[in-house]
Amino acid sequence: ERMARRSGKDQPAMEEGCRVIVDEVGQLKRMVDEFARFARMPAIHLRHAQLAEILQQAAGLYRDVKPDVTISVDVAPDIELLMDPEQIRRAVGNLLKNAVEATDRGEIRVSARRAPHRVVIEVADPARGVPDTDKDKLFLPYFSTKGRGTGLGLAIVHRIVRDHDGQIHVHDNHPKGTRFEIELPA
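### A short note on the nonpolar core
Alright, step 1. If you look at the biggest cluster of nonpolar residues, it comprises 43 residues, and the most contacted ones within it are L51, L55, I88, L96 and I121.
Alright, step 2. Per-element accounting of this core gives the leading share, seven residues, to helix α4 (residues 85-102).
Alright, step 3. With sequence-adjacent residues up to four places away left out, L96 is seen in contact with A58, A59, Y62, I71, I108, V110 and V123.

Structural data, given as structure tokens:
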């Protein structure tokens, strides 16, 4: 930034080089922050909370990110779970962030339903999908199918779900796309 101020507008190559350096340093800072958050995930603080409210809040963060992508939430208003609401919001938010990034057009669906002894939360997108060869590696730290990022988003989701004594699975979403299922004890 100092170099850019000193070079002024009369040296466009220097100005462009400085801009690239500042942008890359910002990206590195974001990566370091993400690594640090993953390394010291906060302990979960369980309390009873309404799942519908948490899913609506997570969806609200990504609703208007892309003009041709919509997000719908379908969950019964009476589903209450013993959970850490902030952590579950973060897990669903990470899934939605990935879904929005991968989707060019269409509806991303967030839903929750009761099943015997558990509640199943689904995030389904109409994007390109995940190759079968990558499905087993998706939740590993530092694995990414994108050309950028830290590869920690789904590892964080996996850890949050595991800390809640739950499970997460990835499936094909027919006719196309990806569907993540989070199973939490009811």
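### Some details on the pattern of salt bridges
Alright, step 1. In this structure the tally under the stated criterion is 13 salt bridges.
Alright, step 2. Between R179 and E122 there is a salt bridge, and its shortest N-O distance comes to 3.4 Å. Of the two residues, R179 sits in strand β7 (residues 178-185) while E122 sits in strand β5 (residues 118-125), which places them 57 residues apart along the sequence.
Alright, step 3. The network of salt bridges with common partners includes R113, E122, R179 and E181.

### Notes on the confidence of the model for the chain
Alright, step 1. Here the chain averages 87 in pLDDT, while 92% of its residues score no lower than 70.
Alright, step 2. Across the chain, the secondary-structure element scoring lowest on mean pLDDT is helix α1 (residues 2-7), at 71, and the one scoring highest is β5, at 97.

### A look at the packing of aromatic side chains
Alright, step 1. Counted according to the given criterion, the structure contains one aromatic pair.
Alright, step 2. Their ring planes at 80° and their centres at 6.2 Å tell us that F139 and F180 sit as a pair that is edge-to-face. Of this pair, F139 sits in the loop between α5 (132-135) and α6 (153-163) while F180 is found in strand β7, placing the two residues 41 residues apart along the sequence.
Alright, step 3. Judged by relative accessible area, which is 15%, F139 ranks as buried.

### Some details on the environment of H164
Alright, step 1. Looking at the element boundaries, H164 is found in the loop between α6 and β6 (167-172).
Alright, step 2. On the basis of relative accessibility, which here comes to 7%, the residue H164 falls in the buried class.
Alright, step 3. Sequence-wise, H164 and H45 are 119 residues apart; in three dimensions their C-alpha atoms are separated by 10 Å.
Alright, step 4. Those residues within four positions of H164 in sequence are excluded, and the remaining contacts are I44, L46, M83, D84, Q87, I88, L184 and P185.
Alright, step 5. Reaching out from H164, the side chain makes a polar contact with the backbone nitrogen of D84 at a distance of 3.0 Å.

### With respect to α6
Three or four residues apart is the spacing at which side chains of an α-helix point the same way, because the helix has 3.6 residues per turn.
Alright, step 1. For α6, the complete set of buried residues consists of L154, A155, I156, V157, I160 and V161.
Alright, step 2. Directly after α6, the chain includes D165, whose backbone phi takes a positive value near 60°.

Each value, and the rule that gives it
Residues numbered from 1 in each chain as written. Predicted model: local features only at pLDDT ≥ 70, side-chain atom pairs only at ≥ 80, totals over all residues. Heavy atoms only, no water. Core = buried A, V, L, I, M, F, W, Y, C linked by side-chain atoms within 4.5 Å. Buried < 20%, exposed > 50% of the residue type's maximum accessible area, 1.4 Å probe, protein only. Helix = DSSP H or I, 4+ residues; strand = E, 2+ residues; numbered from the N terminus. Contact = heavy atoms within 4.5 Å. Salt bridge = Lys/Arg side-chain N within 4 Å of Asp/Glu carboxyl O. pLDDT = per-residue confidence, 0-100. Phe/Tyr/Trp six-rings, centres within 6.5 Å; stacked < 30°, edge-to-face > 60°. Polar contact = N/O pair within 3.5 Å; in protein donor to acceptor, adjacent residues only side chain to side chain.

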